[in-house]
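Each chain, written out:
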Amino acid sequence: MKTIFTLVVFSILFVLTGCVQETKNIDMTNDNAKAVLALDYRDFDQAATEMVQSLLSSGKLAKPEGGQYVLTTGVITNDTMQRIDTDLLTAKIEEDITNSGQVVMTSAIGGKDSNRDSMVNDLRDVRDSAKGEEFQQDTLPNKGTLIAPDLSLSGKIYQRNLSYDKKTQQVEYYFQLKITDLKSGLRFWQKEVLIGKRGSNKAVAW
Amino acid sequence: MKMLLLVACMIATVVLTGCNEESCDGRVQVQDKVKSDNLGGNIITRPFVAAGSGMLGHGIEITDVKQTRNEAGLLEVSVIGFNKAYNPNRFEYYTEWLDESGAVIESATDNWMPFSVNARSNFSFKVVSKSPNAVDFRINTRKNRKVK
């Protein structure tokens, strides 16, 4: 009886292991998978690409007197029902506009921790403390060496849920970014990218 | 009799799909149901015309590609075309930027971008290189299956 029971258990296990969904890596370059109601990496890629294209073609980052602007990333508000790290959007934009040669990003000041390198201030704290004497003085940064940013990138991601019909909901995601001249307070550039989705009411958009 | 009518409609469709009423200025596009009725816009014949267009495999046609360098020294490419189909065409395009040696310049925002064109309409899109080192480009397209 025991043997039969063991055989049945093993048979069930054998059958069930074949039903487990196989894990596969996503082909990030040619991902033709269905859309999801929440924001996925393809939406961030699309929004970032449209932002970069708009910014680079606007010519607003080309400094009239030559040279490069210093840009910091300010506050990007996540006004959606999802837990989103806004760096998913800004990291791509920062990388591309830096590589375009038109701006230099600063890590000395920023809207959130990930935009700042705490070592910039830590090293200065060390310089001003008793520990500073342990370092060769010419290897420590002098006072007044940090460069303040000319421009700030800020904005928000906003989500709107609407009832489309009895079975369908519509979710609209607004990606809004702007660049402000920190000396004059004037807005250099701004862009909104809208991504809309429709799906089952049963699906959850967060 | 029904079969004959269907065949006649199909033949008329195949013959007339290229004879759409043109605007006097190509820059102004007047869509079906806005302009005077024709085979492609008529409520009865439209399904047959669309089917005929599908049978003929009508799709987009690239009519011009313009390349300029902007003030910041970045390469800008404008792609201009026409959707010959009687249905909207939803596709994605992917741009690769090449440097002087022909090598691809990689960037963080290299991805397929969605684009949608109305039936029998002109379209254009512009892409800007993300590096001043770009001297040439390649653009690839594919059907957009995520959008309906």
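One structure accompanies this document, and this report is about it. Here the structure is a predicted model, which means the values were calculated and not measured. (Residues numbered from 1 in each chain as written. Chains lettered and ligands numbered in written order. Predicted model: local features only at pLDDT ≥ 70, side-chain atom pairs only at ≥ 80, totals over all residues.)

Next up on the list: the overall build of chain A. The helix and strand tally for chain A stands at 4 helices and 5 strands. Starting at the N terminus and ending at the C terminus, chain A contains elements arranged as α-α-β-α-β-α-β-β-β. Here the C-alpha atoms of chain A give a radius of gyration of 25 Å, more than 25% beyond the 17 Å that 2.2 N^0.38 yields for 206 residues. Counting over 206 residues, chain A shows a buried share of 20%. (Helix = DSSP H or I, 4+ residues; strand = E, 2+ residues; numbered from the N terminus. Rg over C-alpha atoms; globule rule 2.2 N^0.38 Å. Buried ≥ 20, exposed ≤ 12 C-beta atoms within 10 Å, placed from the backbone.)

Attention now moves to the sheet that holds strand E4 (residues 168-181) of chain A. What holds strands together in a sheet is hydrogen bonding between their backbones, with the strands either parallel or antiparallel. All names here are of chain A. With mixed pairing, the 5 strands of this open sheet are ordered in space as E2-E1-E3-E4-E5. Two strands in the sheet have a free side with no partner beyond their single neighbour: strand E2 (103-105) and strand E5 (187-200). For this sheet the average axis-to-axis angle between neighbouring strands, irrespective of direction, equals 25°. Pairing of E4 with E5 involves 13 bridges; the strand directions are antiparallel. Across the sheet, residue Glu172 finds its bridge partner in E5, namely Gly196. (Pairing = 2+ DSSP bridges. Axes fitted to C-alpha atoms, helices over the stretch in contact; angles between N-to-C directions.)

Across the contact, 21 residues belong to chain A and 19 residues belong to chain B. Residue assignment for the side of chain A that touches chain B shows that the elements contributing at least two residues are helix H2 (41-58) and helix H3 (87-99) of chain A. Take the side of chain A that touches chain B: its biggest share by element is 8 residues, from H2(A). In terms of residue class, the side of chain A that touches chain B is made up of 6 nonpolar, 10 polar and 5 charged. (Contact = placed C-beta atoms within 7 Å. Nonpolar A, V, L, I, M, F, W, Y, C, P; charged D, E, K, R; others polar.)

All we've got here are geometric facts, nothing functional implied.
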